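Chains, contacts and geometry: an overview
Listed below, chain by chain, are the residues.
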Amino acid sequence: NILSVNEETLQQSQESSNTSSKIQAAILTVAGDIPLGNSSKPVTITRSTFAVSIQQVKPEGFAGQNFSVNLGNFSEFNTSKNIDSDDLSFESMTEEQTAFIRLPPTLFDSISNISSNSRITHSIFLSDAAFLRRGKNLREVGSVIISASVVGVNAVENIEPPLTITFRKNPDINGSDPSCTFWDQSLDDGYGNWSTRGCSVSQPSSESFVYCTCNHLTSFSILLDVSPKPDETDTPLALVLDAVTYIG
């Protein structure tokens, strides 16, 4: 499992071979090649750190689609547990879910020359190992990464109304000021980075959840500000009082 390789090795591979884009392209290739017949039943592939679901749908009369993952405790999955097909669901959002995405009925309106039988694929990544950025960042991925795409279509954009995404915050990440983002492989000279273009926080975040809307398909996550917070004892007033105490 390449996503289980240590980050330094992945970073070196990304520098030399643009590994991130190749991993994501490989997943879409697999999703397009799996035989589904005429069945509309989803096919899932699960591994220790990611899962992929492929479903055949008919664009005409498409009623929208829900997809979610329920992983329970983040810490347990980061250490010992694997994603299982039972963790994935096509039902409505519940408070127990780790991430939820809703594709609107108008999804195919912005796609021309679409096949009468199309494939929608969803992916879940437990970490950002396949989405590496250059250097150190003060905004860190604070959720699982959830993806949605139409197989064989390079870009699905300007979706109206937008798709809705809900993320449970990773309690192991001590961050604030969440932003809704998507992975843009074209940024940083093709190295890739997270972008907020077309995505926004749709309602005030709660202690556990962040609510997003995005008008295109790709891979999504939330970023949290993990920059060091100034110590209250280092405020200007505190420093002045310390100086007065010292002089006095």
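Before going into details, it helps to say that this report is about the structure given with it. Bear in mind that the values here come from a model prediction, so they are computed numbers and not experimental data.

Side note on the overall build of the chain
- A count of helical and extended segments in the chain gives 4 helices and 14 strands.
- Taken over 248 residues, the chain has a buried fraction of 43%.
- Within the chain, residue pairs in contact and separated by at least 24 positions form 73% of the contacts whose partners lie at least 6 positions apart.
- Surface accessibility of the chain: about 13,100 Å² in total, with carbon and sulfur atoms responsible for 50%.

As for the side chain of Thr 218
- Mapped onto the secondary structure, Thr 218 falls in the loop between strand S13 (209–214) and strand S14 (219–225).
- Its relative accessible area of 19% is what places Thr 218 among the buried residues.
- A polar contact of 3.4 Å, which involves the side chain of Thr 218, links it to the backbone oxygen of Trp 183.
- Leave out the neighbours within four places in its chain, and Thr 218 touches Ile 146, Ser 147, Ala 148, Phe 182 and Trp 183.

Description of the sheet that holds strand S9 (residues 163–168)
- The sheet built from 6 strands is open, its strands ordered S4-S3-S5-S9-S13-S12 with antiparallel pairing. The outermost strands of the open sheet, each flanked by one partner alone, are strand S4 (88–89) and strand S12 (199–203).
- Looking at chain direction, strand S3 (residues 65–69) and strand S5 (residues 99–103) are connected through 5 bridges and run antiparallel. Bridge pairing in S5 places Ser 68 opposite Phe 100.

Description of the state of the cysteines
- Per the counting criterion, the structure on display carries 2 disulfides.
- The disulfide that involves Cys 199 links it to Cys 214, with 2.0 Å between the sulfurs. Handedness here is read from the sign of the S-S torsion; for Cys 199 and Cys 214, about 120 degrees, the answer is right-handed. Of this pair, Cys 199 sits in strand S12 while Cys 214 sits in strand S13, and the two are 15 residues apart along the sequence. Residue Cys 199 shares its accessibility class with Cys 214, and that shared class is buried.
- Taking only the cysteines that form disulfides and numbering them from first to last, the chain has the pattern 1-3, 2-4.

Some thoughts on the environment of Cys 214
- What makes Cys 214 buried here is its relative accessible area of 1%.
- For the pair Cys 214 and Gly 198, spaced 16 residues apart in sequence, the C-alpha separation works out to 5.4 Å.
- Setting aside residues up to four positions removed in sequence, Cys 214 forms contacts with Pro 162, Leu 163, Ile 165, Gly 198, Cys 199 and Phe 220.

Points about the nonpolar core
- Within the largest apolar cluster, 37 residues are counted, with the highest numbers of intra-cluster contacts made by Ile 101, Leu 107, Ile 146, Leu 163, Ile 165, Leu 217 and Phe 220.
- For Ile 146, the contacting residues outside a window of four places in its chain are Phe 67, Ala 99, Phe 100, Ile 101, Ser 123, Ile 124, Ile 165, Phe 167, Thr 218, Ser 219 and Phe 220.
- Ranked by size, the runner-up nonpolar core spans 16 residues in total, among them Ile 23, Leu 36, Phe 125 and Trp 183.

Things to note about the packing of aromatic side chains
- Going through the model one piece at a time under the given rule, you end up with 8 aromatic pairs.
- Taken together, the ring pairs connect Phe 50, Phe 125, Phe 131, Trp 183 and Trp 194 into an aromatic cluster.

Criteria and cut-off values
- Residues numbered from 1 in each chain as written.
- Predicted model: local features only at pLDDT ≥ 70, side-chain atom pairs only at ≥ 80, totals over all residues.
- Heavy atoms only, no water.
- Helix = DSSP H or I, 4+ residues; strand = E, 2+ residues; numbered from the N terminus.
- Buried < 20%, exposed > 50% of the residue type's maximum accessible area, 1.4 Å probe, protein only.
- Contact = heavy atoms within 4.5 Å.
- Areas by Shrake-Rupley, 256 points an atom, 1.4 Å probe, with all protein chains shown as cover.
- Polar contact = N/O pair within 3.5 Å; in protein donor to acceptor, adjacent residues only side chain to side chain.
- Pairing = 2+ DSSP bridges.
- Disulfide = S-S within 2.5 Å.
- Core = buried A, V, L, I, M, F, W, Y, C linked by side-chain atoms within 4.5 Å.
- Phe/Tyr/Trp six-rings, centres within 6.5 Å; stacked < 30°, edge-to-face > 60°.

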